[in-house]
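Architecture and fold: a report
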Amino acid sequence: MTNKSLCDEIYFNEFYSTHIQSASNFAYYKSGDKNTSLDLAQEAFIKIWENCTKIDFSKAKSYLFTVINNLFLNKIKHQKVVFEYAKSSPYLDVDNQSPEYLLEEEEFKVKLKNAIADLTEGEREVFLMNRIDGKKYREIAEMLELSQKAVEKRMSSALKKLRSKINGI
Amino acid sequence: MEDKNNILKWLNRETSDEELARLQESKDFKTLEKIAHYASQIETPKVNVDKSLEDFKLRTQKTAKKGRVIPFNFKQLYKYAAAIIVLFTTSYFLFFNNETSFKTKFAQTKTFQLPDNSEVVLNANSEITFDKKEWESNRHLTLNGEAFFKVQKGKKFTVLTDIGEVTVLGTKFNVKERVNYFEVKTYEGLVSVAYKDTLVKLSKGTIFKVVNGTIDTVNTFNIKENSWLQKESNFKSIALRFVLKEIENQFGYTIETKDIDLDILYSGGFTHADVNIALQSVTIPLQLSYKIEGEKIIIFNYDN
């Protein structure tokens, strides 16, 4: 009987600590709202804690993301999402300090930010989980209970939209 | 299209250097690189894990007042239940099982006493089981094969076989149960035999015989010749197949026959001391021949 139980506080804390950041991120990709994302993640963890007996430890991760998704659908009004870049983020070409280049890059960043905000929720969460959390498609598929093919599909349609928006077509 | 797959692979950090080089040649790659680069710089609200966990505990404590239901862990229970069952069954077999059994192999006889000093002589390839503890109140045993009984006077004494049931009070008698063959001989006293629906009382010197399900009417025998106890087997108008079976039991050979009428009747006997003499005393009167090959005896017609 080596099965870890989520009702065991040690395992739960370990589970919590491992996933709270990506859970909060996930909520953020969906809502684009800094103030509610952590709350949403917390609430999802509370649901898991309350139902710890019914949830298999191995399934808990995908359950977590499902719960966040459901909470989001129930609670958050769809609104225009707003993203910000981290301050002091490096440019792609760190050696190029010419004012024209910097200006060009800043313009690009604004376009990209807006284009990402315009993606569908599904495309955005997959794209950002890959880009920001550095998750592989297979992991994302597992978390969202999708097939890897579906994740790849969302990813490539996201890319297509981003490229066409940025190129101004 | 190939491009699209390569781009996906690249974003998944699965591209080889060669593929990357090819990808970098495509005209649109600059934009892609920028998208990939700057998208990853979008800031997500950093979670302070310790602080939020603390906050989480606080929130759950409030709800915990409702009382969290801790389910009864059945799996755990099964574990203990299994252990207890194993304990009980082993101790049962160790301490309460008084089944005693005696068994003989081919070419072996065994003499022993039952708890009430009744004597049993077990013929070759036979088995007797009985309950030691219940013996005083209930004298019954199960027989598989052939045995001679010398029963002390007392309560009802019962021999159970697959074919029939023999009940006595105190006598000497012989029970023989082989495949399709059932025989009871009474040497002393009165023996009652239950076979299917018939109940037969056998007085001294009578024999009850069931061959292939039919009751044989030859019903006397010579009390002096309780043959197998004197290391020989005697038969009176018995089908050859049962005689051969008995040879197998006594000597531990397997017997094969060629073109022989196994229902031919045989009267006579064979010794348990020597297989050759035994075979001769069975085959010669019936004008048969035999051959011993290892553990096998082959019996065939003399003329061939």
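Below you will find a few notes about this structure. Note that this is a predicted model, so its numbers are computed, not measured.

Considering the interface of chain B and chain A
- Between chain B and chain A, the contact holds 40 residues from the first and 57 residues from the second.
- At the boundary of chain B and chain A, one finds four salt bridges.
- Residues Asp39 of chain A and Arg59 of chain B are paired through a salt bridge, measuring 3.9 Å at the closest nitrogen-oxygen approach.
- Between chain B and chain A we count 18 residue pairs in polar contact (both at pLDDT 80 or more) in total.
- Elements that contribute at least two residues to the side of chain B that touches chain A include exactly helix H1 (2-11), helix H3 (29-39), helix H4 (49-64) and helix H5 (74-96) of chain B.
- Class assignment for the residues of the side of chain B that touches chain A results in 16 nonpolar, ten polar and 14 charged.

Some remarks on the sheet that holds strand E3 (residues 119-122) of chain B
Residue and element names in this part refer to chain B.
- Spatial ordering of the open sheet is given by E2-E3-E6-E9-E10-E13-E14, a layout of seven strands whose pairing is antiparallel. Either end of the sheet is taken by a strand with one partner, and the two such strands are strand E2 (110-113) and strand E14 (214-216). Strand-to-strand twist across the sheet, computed as the mean angle between neighbouring axes with direction ignored, equals 15°.
- Packed onto the sheet, helix H6 (residues 240-251) meets strand E6 (146-150), strand E9 (172-178), strand E10 (181-188) and strand E13 (207-211) and runs at close to 100° relative to E9.

Notes on the state of the cysteines
Residue and element names in this part refer to chain A.
- Under the counting rule described, the total for this entry stands at one disulfide over all chains.
- The disulfide partner of Cys7 is Cys52, and the S-S distance across this bridge is 2.0 Å. Across the S-S bond linking Cys7 and Cys52, the dihedral sits near 100°, which makes this disulfide right-handed. Separated by 45 residues along the polypeptide, Cys7 in the segment before helix H1 (9-31) and Cys52 in the loop between helix H2 (34-50) and helix H3 (60-75) bring together distant segments of the chain.
- A relative accessible area of 23% means that Cys7 is categorised as partly exposed.

Some remarks on the pairing of E6 of chain B
Residues and elements named next belong to chain B.
- Burial of E6 is extensive: four of the five residues sit out of reach of the surface.
- For E3 and E6, the ladder comprises four bridges, and the chain directions are antiparallel. Bridging across to E6, Val120 finds its partner in Phe149.
- Where E6 meets E9, five bridges bridge the pair, whose relative direction is antiparallel. What sits directly across from Glu146, in E9, is Lys176.

Reading the values: rules and limits
- Residues numbered from 1 in each chain as written.
- Chains lettered and ligands numbered in written order.
- Predicted model: local features only at pLDDT ≥ 70, side-chain atom pairs only at ≥ 80, totals over all residues.
- Heavy atoms only, no water.
- Contact = heavy atoms within 4.5 Å.
- Salt bridge = Lys/Arg side-chain N within 4 Å of Asp/Glu carboxyl O.
- Polar contact = N/O pair within 3.5 Å; in protein donor to acceptor, adjacent residues only side chain to side chain.
- Helix = DSSP H or I, 4+ residues; strand = E, 2+ residues; numbered from the N terminus.
- Nonpolar A, V, L, I, M, F, W, Y, C, P; charged D, E, K, R; others polar.
- Pairing = 2+ DSSP bridges.
- Axes fitted to C-alpha atoms, helices over the stretch in contact; angles between N-to-C directions.
- Disulfide = S-S within 2.5 Å.
- Buried < 20%, exposed > 50% of the residue type's maximum accessible area, 1.4 Å probe, protein only.

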